[in-house]
Amino acid sequence: GQQVMQIPQYQHVQEGEDFTTYCNSSTTLSNIQWYKQRPGGHPVFLIQLVKSGEVKKQKRLTFQFGEAKKNSSLHITATQTTDVGTYFCAGRDSNSGYALNFGKGTSLLVTP
Amino acid sequence: DVKVTQSSRYLVKRTGEKVFLECVQDMDHENMFWYRQDPGLGLRLIYFSYDVKMKEKGDIPEGYSVSREKKERFSLILESASTNQTSMYLCASRGLAGGQDTQYFGPGTRLTVL
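Presented here is a report on the structure given in the accompanying data block. (Residues numbered from 1 in each chain as written. Chains lettered and ligands numbered in written order. Predicted model: local features only at pLDDT ≥ 70, side-chain atom pairs only at ≥ 80, totals over all residues. Heavy atoms only, no water.)

### Notes on the overall build of chain A
Okay, so step 1: Across its full length, chain A holds zero helices and 11 strands.
Okay, so step 2: Ordered by position from N to C terminus, the α and β elements of chain A give β-β-β-β-β-β-β-β-β-β-β.
Okay, so step 3: Scaling as 2.2 N^0.38, a compact globule of 112 residues should have a C-alpha radius of gyration of about 13 Å, and chain A matches this with 13 Å.
Okay, so step 4: Taking the principal axes of its C-alpha atoms as reference, chain A extends roughly 45 × 25 × 20 Å.
Okay, so step 5: Within chain A, buried positions represent 47% of all 112 residues. (Helix = DSSP H or I, 4+ residues; strand = E, 2+ residues; numbered from the N terminus. Rg over C-alpha atoms; globule rule 2.2 N^0.38 Å. Buried < 20%, exposed > 50% of the residue type's maximum accessible area, 1.4 Å probe, protein only.)

Dropping the structure here:
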C-alpha cells in the first residue's frame, strides 16, 4: 500500500532560523495536505496542494508539490516560537477515494 | 465553524473491559475517521466510514470495531481492551475548507488501559 515518509523526525532551531520538512510518497498522489498539531492539541488543517509543481504561500509558510506529485515540502521562513508543534503531511493516493495516509510528522522546537 | 466533539478527553479502563469512544460532527459530513496517535508512529488509521452504516478497515483494525447508525455519529469500540491499546484516539470528519478537501479533527481521547 501507499506509504508516506516524512523527514526529519525532529528539528530544533533558534528563533529566526528557517525550517523545512519533506514528505515523500511511494505512489503518485491526487493531492497532499498539511496539518499542524500544537503540543497538547489536535491536528489542524493548513493547506491542500493538488496540481503538479504547485506552490502556495501562507505568510511565512511556503508549500510545494513536486512535479511527479510524489513529494512535497513545507518551508517556514524566520521561525517564531508560535511555530512550535508537529507538522504532518497527508497524501491521498490517486486510486484511493477516502483515506489519507499521514506521514509520521516533524516535531519543530523553536527556542528564543 | 465545523465542530467535531469526542465524548471524553481522558479515559481509564481495565484490561478486558468493553470501551466505547463516541465522536459527533455537526456539518453533515459523509466521511468520518478514527485514528490512533502514538509517539514516533504518527497518525494511524483504524477505521473509516464513508456513509451511514458503511465502514472500511484502515491500517490497524485488529481489536477494534465501529458503528455508524447516524450520519453525525461515529463510534469506536474496543471489544476487550488491552494494555497495548493505551493511546490517544482522534476522530475526524472530511469536508471542505475554502474549497479545499480537509479533515477536521476532534480534541482527542487519551485512553489508558490498566
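Back to the text.
### Focus: the interface of chain A and chain B
Okay, so step 1: Taken residue by residue, the interface counts 21 residues in chain A and 23 residues in chain B.
Okay, so step 2: For B:Asp101, the salt bridge is made with A:Arg92, and the minimal N-O distance between the two is 2.9 Å.
Okay, so step 3: Run the count over chain A and chain B and you get seven residue pairs in polar contact (both at pLDDT 80 or more).
Okay, so step 4: No other element matches the four residues that strand S4 (residues 29-37) of chain A contributes to the side of chain A that touches chain B.
Okay, so step 5: For the side of chain A that touches chain B, the residue count by class is nine nonpolar, nine polar and three charged. (Contact = heavy atoms within 4.5 Å. Salt bridge = Lys/Arg side-chain N within 4 Å of Asp/Glu carboxyl O. Polar contact = N/O pair within 3.5 Å; in protein donor to acceptor, adjacent residues only side chain to side chain. Nonpolar A, V, L, I, M, F, W, Y, C, P; charged D, E, K, R; others polar.)

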